[in-house]
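# What the coordinates show
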Amino acid sequence: MTEALKRGWAIPVLCGVFILLNALFMAQQVYWFSLLPIVLIIGWAMLAAPERLLTFIAFATPLSINLEQLELGGIGVSLPTEPIMVGLTLLFLMKLAVEKGVVRVAVWRHPITWVIGAQLIWMALCVIPSSMPIVSFKFLSARIWFVTTMYFMIMRSFEDPRNIHRFLWAYMSGLAVVVIYTLVRHAQYGFEHDPAHWVMSPFFKDHTSYGAILAFFIPFSLAAVGLPGYSLTRKGLAFVLLLILATGLVFSYTRAAWLSLIGAAGMFVVLRFRVPAWVIAAAVIVGGGVLYLEREQITIALERNREESSDDMGQHVRSISNISSDASNLERINRWNSALHMWQERPVFGWGPGTYMFQYAPFQAAEDRTIISTNFGLNGNAHSEYLGPLAEQGVFGMLLMLALVITTVLTVLRLYTRMPDGRDRQLLLAVFLGLITYYLHAALNNFLDLDKAAVPFWAFTALVVLMDLKYPVVVAKEVGGEAMSETI
């Protein structure tokens, strides 16, 4: 075969055989054989160039299409990204079993890795008593291949700084294609409010996930305009991408995404002025206490708001606090209350990972139901990355999600102050603010079961861990009367 390849005739012969066989298959209306070259190329890349394949996944994720949206038997798998991640996960696990040092010891010992590991272990335990074991096992499997590829594998790839920027730019490029496609379709309807819910189909299920991912990447696109080391051409391209993503966000009519960016701006102020962690914690506790004590008066004030979501941007913003007549807001409250009722019935293990949408219908209170509620409970999830795990995995599921958020935030608050000014620090800030947008958005929606959100979420979390290991804490100690320092 080697000699044949050297002579140059083998490739034309193989191509000819493939064309002939494919023609025969197509004549029988069998079209899957046409994908064989792509499958072979991806298989080769898994073995020979996994880092490039991870970058390809970043580009393909915004453009991926979920088979469930195409009504192909309810198979909730995104193509082409998830099959590739499954293959990479299997290869990684086999390599982990036979080789040492595949994952650095420091990574295993990092607190964020501990929390992620605890999440996976608890999720696996919750599969056993699940009300729908097959659904829960599939949900767990998806989480495993997301974490394996976009946390452990990507962290190893990110040890080369060039791969970090390739990954970020690849995702933004794919996302820009989706935004342009969406804006062109939306323009045909005069950028009205109602079409904004579905014009991003088939790439995104709805405008909420679309807006969440746009908000996720706006901090980096903004930072890239002035990032040290970038050429003038690249900075100009970053500015163009920023305009595209910002325009897409405005016309997504996603109120939660807009709020998440305001929250990210607040965190930027905290980091910029180096506000101590204890001050932030105290503010959160005091604010939470005020909200609890004044909850009745706040509810009465919110119920006075009758502004409906609409084409008018000002009215649309004001409708955020409308809990009296806005169907979208009221349905969220319905889903949250349903999650709490589900948790009360199964407080420890929950109903099983991924089962909320199939089980919540009987838990809807009559006074919570809205014009968009359904008796069959097939219109989505708990609309919360925190209450969803509470219903599906019990109290420990929610606590572990909160632990992941808090551990990551505290890691960055300590890390940012000890990092020197420069490219890495600005990169960490941009990535962290992207995570903040999702942490805040997660109070109103949950998308970590989708590749669109899972890929950047776990990759950005991996980058935080990598930066924390790259810039360790330096402590001073005295040895033999001389001051010395060591890293921990």
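About the thresholds
- Residues numbered from 1 in each chain as written.
- Predicted model: local features only at pLDDT ≥ 70, side-chain atom pairs only at ≥ 80, totals over all residues.
- Heavy atoms only, no water.
- Helix = DSSP H or I, 4+ residues; strand = E, 2+ residues; numbered from the N terminus.
- Buried < 20%, exposed > 50% of the residue type's maximum accessible area, 1.4 Å probe, protein only.
- Contact = heavy atoms within 4.5 Å.
- Areas by Shrake-Rupley, 256 points an atom, 1.4 Å probe, with all protein chains shown as cover.
- Phe/Tyr/Trp six-rings, centres within 6.5 Å; stacked < 30°, edge-to-face > 60°.
- Lys NZ or Arg CZ within 6 Å of the ring centre and 35° of its normal.
- Polar contact = N/O pair within 3.5 Å; in protein donor to acceptor, adjacent residues only side chain to side chain.
- Core = buried A, V, L, I, M, F, W, Y, C linked by side-chain atoms within 4.5 Å.
- Expected span 1.5 Å × (residues − 1).
- Bend = angle between axes of the 7 residues up to and from the residue.
- Salt bridge = Lys/Arg side-chain N within 4 Å of Asp/Glu carboxyl O.
- Axes fitted to C-alpha atoms, helices over the stretch in contact; angles between N-to-C directions.
- Parallel < 35°, antiparallel > 145°, perpendicular 65-115°, else oblique.
- Left-handed = near helix turned anticlockwise from the far one by under 90°.
- Nonpolar A, V, L, I, M, F, W, Y, C, P; charged D, E, K, R; others polar.
- Patch = residues over 30% accessible without salt bridge, like charges linked within 9 Å, V, L, I, M, F, W, Y side chains within 5 Å.

## Here's the deal with the overall build of the protein
Helix and strand counts for the protein stand at 20 helices and 4 strands. By the burial criterion, 46% of the 488 residues in the protein qualify as buried. Across the protein, the fraction of contacts at a sequence separation of at least 24, relative to all contacts at a separation of at least 6, is 69%. Total accessible area computed for the protein in this model is approximately 24300 Å², and 68% of it derives from carbon and sulfur atoms.

## What to know about the packing of aromatic side chains
Following the criterion strictly, the structure yields 21 aromatic pairs and no others. Residues Phe 191 and Phe 251 carry aromatic rings whose centres are separated by 4.5 Å and whose planes lie at 35 degrees to one another, so their mutual orientation is tilted. Of the two residues, Phe 191 is situated in the loop between α9 (161–187) and α10 (207–224) and Phe 251 in the loop between α11 (232–250) and α12 (255–272); the sequence distance between them amounts to 60 residues. Residue Phe 191 is classed as partly exposed on the basis of its relative accessible area, which comes to 27%. Classification of Phe 251 as partly exposed rests on a relative accessible area of 26%. Ring-pair connections join several aromatic residues into one group, and the members of that group are Tyr 171, Phe 216, Phe 217, Tyr 438, Tyr 439, Phe 457, Trp 458 and Phe 460. Stacked on the ring of Trp 169, the Lys or Arg Arg 234 has its end atom at 5.3 Å from the ring centre. Here Arg 425 stacks its cationic end above the ring of Tyr 416, 4.1 Å away from the centre of that ring.

## Side note on the side chain of Asn 445
Mapped onto the elements, Asn 445 comes out in the loop between α19 (423–441) and α20 (451–470). A relative accessible area of 2% means that Asn 445 is categorised as buried. Side chain to side chain, Asn 445 and Arg 332 meet in a polar contact 3.0 Å long. Separated by 2.9 Å, the side chains of Asn 445 and His 383 make a polar contact. With sequence-adjacent residues up to four places away left out, Asn 445 is seen in contact with Thr 208, Ala 256, Arg 332, His 383, Ser 384 and Glu 385.

## A look at the nonpolar core
Of all hydrophobic cores here, the largest spans 118 residues; its most connected members are Tyr 151, Phe 167, Leu 175, Phe 217, Phe 220, Phe 457 and Trp 458. Per element, the largest residue contribution to this core is 13 residues, and it comes from α20. If near-sequence neighbours (up to four positions away) are discounted, Phe 457 is found in contact with Phe 216, Met 401, Leu 404, Leu 435, Tyr 438, Tyr 439 and Leu 448.

## Focus on helix α5 (residues 81–98)
In an α-helix, one turn spans 3.6 residues; hence positions three or four apart end up facing the same way. Between its first and last C-alpha atoms α5 spans 26 Å; for 18 residues at 1.5 Å apiece the expected length is 26 Å, and the two agree. Those residues of α5 that sit buried are Thr 81, Glu 82, Ile 84, Met 85, Gly 87, Leu 88, Thr 89 and Phe 92.

## What about α10?
For α10, with 18 residues, the first-to-last C-alpha span of 25 Å sits near the 26 Å given by 1.5 Å per residue. The principal kink in α10, of about 30 degrees, is found at Phe 217, preceding the proline Pro 219 by one to four residues. Within α10, 17 of the 18 residues are buried, which leaves the element mostly enclosed by the surrounding structure.

## Thoughts on the pattern of salt bridges
Overall, the coordinates contain 6 salt bridges when judged by the stated rule. A salt bridge links Arg 418 to Asp 468; the shortest N-O distance between them is 2.4 Å. Of the two residues, Arg 418 is situated in helix α18 (residues 387–418) and Asp 468 in helix α20; the sequence distance between them amounts to 50 residues. Its relative accessible area of 27% is what places Arg 418 among the partly exposed residues.

## A few points about the packing of α5 against helix α8 (residues 133–157)
The contact between α5 and α8 brings their axes to 9 Å, and the two run at 65 degrees. Between α5 and α8, the angle falls in the class roughly perpendicular. Handedness of the α5/α8 crossing: left-handed. Residues Glu 82, Met 85, Val 86, Leu 88, Thr 89, Phe 92 and Lys 95 of α5 form the contact with α8, whose participating residues are Ile 144, Trp 145, Phe 146, Thr 148, Thr 149, Phe 152, Met 153 and Arg 156. Looking at the contact of α5 with α8, its residues break down into 9 nonpolar, 3 polar and 3 charged.

## Describing unusual backbone geometry
The omega torsion across Leu 79 and Pro 80 is 5 degrees, close enough to zero to call that bond cis. Position of Pro 80 among the secondary structure elements: in the loop between β2 (78–79) and α5. A positive phi angle, near 55 degrees, is found at Phe 191, a position not held by glycine. Even without a glycine there, the phi angle at His 383 is positive, about 55 degrees. Position of His 383 among the secondary structure elements: in the loop between α17 (356–359) and α18.

## Considering the side chain of His 207
By the element assignment, His 207 lies in helix α10. Look at His 207 and you get buried, because its relative accessible area is 10%. Excluding anything up to four places from it in sequence, His 207 contacts Ala 196, His 197, Met 200, Ser 252, Tyr 253 and Thr 254.

## Some details on a nonpolar patch on the surface
Judged by side-chain polarity, Ile 121, Leu 125, Ile 128, Val 348, Phe 349, Phe 396, Leu 399, Leu 402, Ile 406 and Leu 410 come together as a nonpolar surface patch covering roughly 890 Å² of accessible area. Counting only elements with at least two residues in the nonpolar patch, the list comes to α7 (111–127) and α18. Considering each element in turn, the nonpolar patch owes the most residues, 5 residues, to α18. Tracing the backbone shows Val 348 in the loop between α16 (327–345) and α17.

## What to know about the packing of α18 against α20
Each packed pair of helices is defined by two parameters, the angle between the axes and the distance between the axes. Contact geometry of α18 with α20 gives a least axis separation of 10 Å together with a crossing angle of 40 degrees. Judged by the inter-axis angle, α18 sits oblique to α20. Between α18 and α20 the crossing geometry is left-handed. In this structure, α18 contributes Met 401, Leu 404, Thr 408, Thr 411, Val 412, Leu 415 and Arg 418 to the contact, and α20 contributes Phe 457, Trp 458, Thr 461, Val 464, Met 467 and Asp 468. Across the contact of α18 with α20, the residue classes tally to 8 nonpolar, 3 polar and 2 charged.

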